[in-house]
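Each chain, written out:
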Amino acid sequence: MTFIERDGTRREVDAPLGLSVLEIAHRHGIDIEGACEGSLACSTCHVIVDPAWFGRLAKPTEDEEDMLDLAFDLQETSRLGCQIIMTEALDGLVVKLPAGTRNAMG
């Protein structure tokens, strides 16, 4: 999969099936906080999914949508990285990091 970092740098990384985008980011030193460690209690793993890929994702849960409402730089294709689990259908997924994050847990 590919992460587009805040400065526009594209980083292509290995994305094992069954891992979340948040877990993959952490494995590769991508700057996604994930303050609640994937427990749907914050929006710090907010990513902006490339529109070409957005329709392939499972629909967000109500809990995820509630957390996304708190995200900084919310976009039409915003999702929480902890909720996107890699499958074969997502091989090649492209996500962009938002301009910043808002950590309400601090």
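The present account deals with the structure reproduced in this document. (Residues numbered from 1 in each chain as written. Predicted model: local features only at pLDDT ≥ 70, side-chain atom pairs only at ≥ 80, totals over all residues. Heavy atoms only, no water.)

## Focus: the pattern of salt bridges
Tallied over the entire structure, the rule returns three salt bridges. The salt bridge partner of Glu 5 is Arg 11, with a shortest N-O separation of 3.4 Å. A salt bridge links Arg 79 to Glu 64; the shortest N-O distance between them is 2.8 Å. Residue Arg 79 is found in strand 4 (residues 78-80), and its partner Glu 64 is found in helix 3 (residues 62-68); the two are separated by 15 residues along the sequence. Like Glu 64, Arg 79 is buried. (Salt bridge = Lys/Arg side-chain N within 4 Å of Asp/Glu carboxyl O. Helix = DSSP H or I, 4+ residues; strand = E, 2+ residues; numbered from the N terminus. Buried < 20%, exposed > 50% of the residue type's maximum accessible area, 1.4 Å probe, protein only.)

## A word on unusual backbone geometry
Positive phi outside glycine occurs at Glu 37, with the angle close to 60°. Here Glu 37 shows up in the loop between helix 1 (21-27) and strand 3 (46-49). For Glu 37, a relative accessible area of 73% gives the class exposed. Within the chain, Leu 40 stands out as a residue other than glycine whose phi angle is a positive 60°. Take Leu 40: it is sitting in the loop between helix 1 and strand 3.

## Regarding a negative patch on the surface
Together, Glu 62, Asp 63, Glu 65, Asp 66 and Asp 69 make up a negatively charged patch on the protein surface. Classification of Asp 63 as partly exposed rests on a relative accessible area of 49%. (Patch = residues over 30% accessible without salt bridge, like charges linked within 9 Å, V, L, I, M, F, W, Y side chains within 5 Å. Areas by Shrake-Rupley, 256 points an atom, 1.4 Å probe, with all protein chains shown as cover. Lys, Arg positive; Asp, Glu negative; His and termini not counted. Charge placed at Lys NZ, Arg CZ, Asp CG, Glu CD.)

## Details of the side chain of His 46
Tracing the backbone shows His 46 in strand 3. Accessibility expressed as a relative area gives 2% for His 46, which makes it buried. Reaching out from His 46, the side chain makes a polar contact with the backbone oxygen of Phe 72 at a distance of 3.1 Å. Each residue touching His 46, except ones within four places of it in the same chain, is listed here: Leu 68, Ala 71, Phe 72, Asp 73, Leu 74, Ser 78, Arg 79, Leu 80 and Pro 98. (Polar contact = N/O pair within 3.5 Å; in protein donor to acceptor, adjacent residues only side chain to side chain. Contact = heavy atoms within 4.5 Å.)

## Regarding the environment of Ile 30
Mapped onto the fold, Ile 30 is located in the loop between helix 1 and strand 3. Between the alpha carbons of Ile 30 and Phe 3 there is a distance of 7.9 Å; along the sequence they are 27 residues apart. Apart from the residues within four sequence positions on either side, Ile 30 is in contact with Phe 3, Arg 11, Ala 25 and Leu 97.

## Digging into the nonpolar core
Among the nonpolar cores identified, the biggest contains 28 residues, and Met 1, Phe 3, Val 21, Ile 32 and Leu 93 are the most heavily contacted of them. Those elements giving two or more residues to this core turn out to be strand 1 (2-4), helix 1, strand 3, helix 3 and strand 5 (94-96). A per-element tally of this core places helix 1 first, with four residues. When near neighbours in sequence (up to four residues on either side) are disregarded, Leu 93 contacts Met 1, Thr 2, Val 21, Val 49, Trp 53, Ile 84 and Met 86. (Core = buried A, V, L, I, M, F, W, Y, C linked by side-chain atoms within 4.5 Å.)

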